[in-house]
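Understanding the architecture of this molecule
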Amino acid sequence: MKIDILTLFPSMFDGFLHESIIKRAIESKKVEINVHDIREFSLDKHKKVDDYGFGGGQGMVLMPQPIFDAVEHYKTENSKVILVTPQGNVYNQREAYFLAHESHLIIVCGHYEGFDERIRTLADMEISIGDYVLTGGELPSMVITDSVVRLLDGVITEKSHIADSFHNNLLDYPVYTKPVDFRGMKVPDVLLSGHHANIEKWRYEEQIKRTKIRRPDLLERNE
Ligand code: ADE
């Protein structure tokens, strides 16, 4: 898979691309991730990318030209163009699975007060990562990239996704490591029993119990 991220703040991605699982996925060529500065596509002599909104009141608005030129430069017939904005469909694990089957994502990060409405015509989809407003699309684009890359073949073990919170719309079961007794808090006996069928059953029951208490809306979706 290839992911091209278009942003006004490329250096925000430095840590993200150079640590942990994402770093390893890039090194082992499971994914190619390129971060591009939208400003490089500005035709203005001062590399201007935004201007006041018509009608007043809005603050600075991203202009269409640099973003159209950037998207058109990287787009091929297999690309999915994603605009990250609080006005998009709210992102979830199901969407991550769909995106993980694409071969090329172009993620456009908005900034400032917003972007010229005509930029929407470039997008195959608009994604919001939740009902709150961030200062820009950089963090949302990292959230989407991270959730997709970990699902690509060979990035983490298949078993890890199956145990994920939200696989089957259930939250994760509790996990424990050493010591068996920490300040009087003990690891449940069943996990020490070596009885795999009982462990599976306990884990599933814990998932249901936890989801019922914390996220009953997820169980309703299953029904
Ligand atoms: N840009 C600003 N806030 C956002 C959000 N919640 N999701 C996606 N993009 C955004």
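Heads up: these notes are all about the structure in this document. Computed from a predicted model, the values in this text were never measured in an experiment. (Residues numbered from 1 in each chain as written. Predicted model: local features only at pLDDT ≥ 70, side-chain atom pairs only at ≥ 80, totals over all residues. Heavy atoms only, no water.)

What to know about the pattern of salt bridges
Per the counting criterion, the structure on display carries nine salt bridges. Among the salt bridges present, the one from Lys-186 reaches Asp-181, with a minimum N-O distance of 3.9 Å. On the accessibility criterion, Lys-186 (58% relative accessible area) is exposed. Overall, Asp-181 belongs to the partly exposed group, its relative accessible area being 38%. Ionic pairing is found between Asp-217 and Arg-215, a salt bridge with its closest N-O pair at 2.9 Å. Note on Asp-217: relative accessible area 31%, which makes it partly exposed. The class for Arg-215 is partly exposed, based on a relative accessible area of 29%. Within this structure, Glu-117, Arg-120 and Glu-126 form a network of salt bridges that share partners. (Salt bridge = Lys/Arg side-chain N within 4 Å of Asp/Glu carboxyl O. Buried < 20%, exposed > 50% of the residue type's maximum accessible area, 1.4 Å probe, protein only.)

Let's talk about helix 8 (residues 196-214)
Helix length check: helix 8 (19 residues) gives 27 Å between terminal C-alpha atoms against 27 Å at 1.5 Å per residue, within 8%. Regarding helix 8, the residues found buried are Ile-199, Trp-202, Glu-206, Gln-207 and Thr-211. Buried residues in helix 8, looked at end-on, bunch into an arc of 160°, giving them a common side. Along helix 8, exposed side chains directed more than 90 degrees from the buried face belong to Ala-197, Lys-201 and Lys-212. (Helix = DSSP H or I, 4+ residues; strand = E, 2+ residues; numbered from the N terminus. Expected span 1.5 Å × (residues − 1). Arc of directions from axis to C-beta.)

Observations concerning the site of the ligand
Close to the ligand lie Val-84, Thr-85, Pro-86, Ile-127, Ser-128, Ile-129, Gly-130, Tyr-132, Val-133, Leu-134, Gly-136 and Pro-140, which account for all nearby residues. In this structure, Thr-85 approaches the ligand through a main-chain N or O atom, which is 3.2 Å from a nitrogen atom. Between the ligand and Leu-134 there is a distance of 3.0 Å, counted from a nitrogen atom to a backbone nitrogen or oxygen. Starting from 270 Å² of accessible surface for the ligand in isolation, the protein chains cover 96%. For the shell around the ligand, the elements supplying multiple residues, two or more each, are strand 5 (79-90) and strand 7 (125-128). (Near = heavy atom within 4 Å. Polar contact = N/O pair within 3.5 Å; in protein donor to acceptor, adjacent residues only side chain to side chain. Areas by Shrake-Rupley, 256 points an atom, 1.4 Å probe, with all protein chains shown as cover.)

Concerning the sheet that holds strand 6 (residues 104-109)
As summarised here, the arrangement of the five strands in space is 2-1-6-5-7, forming an open sheet in which the pairing is parallel. A strand with exactly one partner marks an edge of an open sheet, and here the two such strands are strand 2 (32-37) and strand 7. The average angle at which neighbouring strand axes cross in this sheet is 30°, direction not considered. Sheet analysis places strand 1 (residues 2-7) next to strand 2, joined by six bridges and oriented parallel. Opposite Leu-6, over in strand 2, you have His-36 as the bridge partner. Across the sheet, helix 3 (residues 64-74) is in contact with strand 1, strand 2, strand 5 and strand 6; its angle to strand 6 comes to roughly 170°. (Pairing = 2+ DSSP bridges. Axes fitted to C-alpha atoms, helices over the stretch in contact; angles between N-to-C directions. Contact = heavy atoms within 4.5 Å.)

Structural notes on the pairing of strand 1
Across the six residues that make up strand 1, a large majority, five, are buried. Bridge count for strand 1 against strand 6 is five bridges, and the pairing is parallel. Note on strand 6: the bridge partner recorded for Ile-5 is Ile-107.

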